[in-house]
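Chain residues, written in single-letter form:
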Amino acid sequence: MERNTLRIGVMPVVDVAPLKLATNEKLFEKAGLSVQLVTLSSEEEGLKQLDTTLDITWASHVNLFRTVAEGTQLQLQGEAYQAGVNTMALVTTDNKYDGPASIEAPRIAVNSDKDIGALTTKAVLDTAGIEKQRINLRVMPFDQMVNALRAGQVDAAWMTEPFITKAQKDVGARIVTDTAVGPTKDFPMSGYASSKKFADANPKTLALFRHVLREAQQLASNNKLGVQDALTGYVDVDQQTAALVSVGTFPLSLNPIRLQRVADMMDTEDVLPGRLDVQGLLPPGTTN
């Protein structure tokens, strides 16, 4: 017997807004699925809890692919989010830091030195002519970055929304550079995955999940105001800040070509031990 209940790990980020809209609109219930969204303190926590307390978890594609390369068998269940203009960026409070090449050995705050922030920061600064070995990454949670900027401990911080808008609003921070430009333009940021074991045992349930997710992603794509509105329900932002948040793209389906781009960049940057074939992580029959 397949399960009709799903526990899904999420983080307080814009990426998961469609799932919030789906639960608000009872889209899962209408499809016969009982879904519980579980707030995580980190993506790693979600990946560790698959097959124990979670059935599906949200994470950056970089984290998902790294986990697979380390030997965990996962199946991708959907793309969550793709970068748009200023949805991920290097943010500063230093007036002298007025372009990606203006500090030769920048100290950059990132939420992880192995995730999408480190990957896209290095790619964009490298394109601007800053040697990768001169980039000094400092790992800290997003909510500590503004204080680190104000204390002069870092020159800039890699942030995603809504942290970018909050920093601009609260301390007058500025964007040094969008990190979804040039080699990382429209970069696929995050997605949902289950263990391969759970996927093999529950193919129909997960096909239903993907169907509802597509509806939810469509809903979010057509309703930017709804996305910004939903944020106030699960992210620490007020209505005024939420209304200023930059929103990227919510892809409607798993696209192996798009996702291979992330894996290939990870391979180029030596984040992966070798080339990862993304097609092998998709549910059987996924082609588009």
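All figures in this text were calculated on a predicted structure; none of them were measured in a lab.

Residue-level account of the packing of helix H4 (residues 61–69) against helix H12 (residues 256–268), with values.
As a packed pair, H4 and H12 sit with axes 10 Å apart at the nearest point and diverge in direction by 65°. When the axes of H4 and H12 are compared, the pair comes out roughly perpendicular. Read as a crossing pair, H4 and H12 show a hand that is right-handed. Across from His61, Val62, Phe65 and Arg66 in H4, the residues of H12 making contact are Leu259, Val262, Ala263 and Met266. The class makeup of the residues in the contact of H4 with H12 is six nonpolar, one polar and one charged.

Could you give me a rundown of the sheet that holds strand E9 (residues 174–178), with the residues and numbers involved?
Reading across the sheet, the five strands line up as E7-E6-E8-E5-E9 and stay open at both edges, with mixed pairing between neighbours. Two strands bound the open sheet, and with one partner strand each, they are strand E7 (136–139) and E9. Put simply, the sheet's adjacent strands are angled 35° from each other on average, direction ignored. As judged from the four bridges shared by strand E6 (residues 107–110) and E7, these two strands associate in the parallel manner. Bridging across to E7, alanine 109 finds its partner in arginine 138. Across the face of the sheet, helix H6 (residues 142–150) comes into contact with strand E5 (88–92), E6 and strand E8 (156–160) while running at roughly 155° to E8.

Rules and cut-offs
- Per-chain numbering applies: the sequence of each chain, read as written, is numbered from 1 onward.
- Two thresholds apply to this predicted model, a pLDDT of at least 70 for residue-level local features and 80 or more for giving and counting side-chain atom pairs, whereas whole-chain, interface and lining totals are computed over all residues.
- Computation of side-chain values covers all heavy atoms of the structure but excludes hydrogens and water.
- Under this scheme, a helix contributes an axis fitted over its contacting stretch, all axes are lines through C-alpha atoms, and angles between N-to-C directions fall in the 0 to 180 degree range.
- Strands are runs of DSSP state E lasting at least 2 residues, helices are runs of H or I lasting at least 4, and numbering of each runs from the N terminus.
- Comment on the angle field: the value is read as roughly parallel under 35 degrees, roughly antiparallel over 145, roughly perpendicular from 65 to 115, and oblique elsewhere.
- Left-handed describes a crossing whose near helix is turned anticlockwise from the far helix by less than a right angle; the clockwise case is right-handed.
- The contact criterion used throughout is that any non-hydrogen atoms of two residues lie within 4.5 Å.
- We call Asp, Glu, Lys and Arg charged. Ala, Val, Leu, Ile, Met, Phe, Trp, Tyr, Cys and Pro are nonpolar, and the rest, Gly among them, are polar.
- Whether two strands pair comes down to DSSP finding at least two bridges between them.

Nothing here speaks to function; it is all geometry.
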